[in-house]
Amino acid sequence: MQRMRRCVIFCAGAFDRLIVPIEKEDILLAADGGLTHMQRLGLKPYAAIGDFDSLGFVPEDAQVFPVQKDDTDSMLAVKAGLQMGCREFLLYGSVDGPRLDHTLANLQTLIYLCEHGATGYLVGKDYLITAVKNGSVTFAPEAKGILSVFCMGADARGVTLENVKYPLERGVLTAGFPLGVSNSFIGQSARVCVDDGCLVLLGHQGECANFIVMDIIHRRRQAAQGDHHRQQASNHC
């Protein structure tokens, strides 16, 4: 089975470690000041992208954009990854930067990825954030700690939270009330599902973070492959 192509983007914010190994086929991109992280880790970017106001200089062979633009540097990197066929994105340093507005912009970038048939993960020092639209995310029983679920945009309907401390069955989450904050895992295989709408899932990176993230990615890849095969089958009917 051919795996979903992954794009690993390094942004300028803080993070402690790589939560999944870099694979040979991964596309590595530096978004402005994220180049510093790549240099520290001994990684070479496929491309450095941005206006480089954070980095303070323009790297050789960089894709340079003006400071006054509609896209953030992270979004520029995401769009580049999508154009290269990537459908899975890890954005390191995308949560704990000095500017809250850019953190919020990166949350919107997760939604952008959902709307373009891709999945994304924001990786900070303490938190991992992903999003799901009209679908589900399943967690391994080993998952521990906090799981918060937020509606992004229009009301999310048919929301089901299974095998968590505060379950919900086909409920409605809205952007105007934080009903899904501070839930938690209970040692069973948890599942978050939304029939219509977009949810942002925020979890604390505990000692099992690497395993949990790799498990989530594996499950979502399997689901995406299943959807692809079903679509091919329907095309031949």
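Just so it is clear, the model here is predicted, and its values are computed rather than measured.

What follows concerns the overall build of the protein chain. A tally of helices and strands in the protein chain yields 4 helices and 14 strands. Excluding contacts between residues fewer than 6 apart, the proportion of contacts in the protein chain whose partners are at least 24 apart in sequence is 65%. Accessible surface for the protein chain amounts to roughly 12,100 Å². Of this, 52% is attributable to carbon and sulfur atoms.

The next subject is the pattern of salt bridges. If you walk through the whole model with that rule in mind, you get 11 salt bridges. Here R6 makes a salt bridge to E23, at a shortest N to O gap of 3.5 Å. Residue R6 is found in strand β1 (residues 6-10), and its partner E23 is found in the loop between β1 and β2 (27-31); the two are separated by 17 residues along the sequence. Residue classification places R6 among the buried positions, given a relative accessible area of 3%. As a salt-bridge pair, E88 and R6 come within 3.6 Å of each other at their nearest N and O atoms. You can see E88 sitting in strand β5 (residues 88-92) and its partner R6 sitting in strand β1, a full 82 residues away along the chain.

In this structure, I9, L29 and F89 are the most contacted members of the largest nonpolar core, which totals 28 residues. Among the elements of the structure, β1, β2, β3 (47-50), α2 (73-83), β5, α3 (100-115), β7 (127-133) and β14 (198-204) are those that each provide at least two residues to this core. Setting aside residues no more than four positions away along its own chain, I9 makes contact with L29, A31, A77, V78, F89, L90, L91 and Y92.

The terminal C-alpha atoms of α3 lie 23 Å apart, and with 16 residues this matches the ideal 22 Å at 1.5 Å per residue to within 8%. Here α3 has its buried residues at T103, A105, N106, L107, T109, L110, I111, L113 and C114. Positive backbone phi, at 70 degrees, marks G117, one or two positions downstream of α3.

What counts as what
Residues numbered from 1 in each chain as written. Predicted model: local features only at pLDDT ≥ 70, side-chain atom pairs only at ≥ 80, totals over all residues. Heavy atoms only, no water. Helix = DSSP H or I, 4+ residues; strand = E, 2+ residues; numbered from the N terminus. Contact = heavy atoms within 4.5 Å. Areas by Shrake-Rupley, 256 points an atom, 1.4 Å probe, with all protein chains shown as cover. Salt bridge = Lys/Arg side-chain N within 4 Å of Asp/Glu carboxyl O. Buried < 20%, exposed > 50% of the residue type's maximum accessible area, 1.4 Å probe, protein only. Core = buried A, V, L, I, M, F, W, Y, C linked by side-chain atoms within 4.5 Å. Expected span 1.5 Å × (residues − 1).

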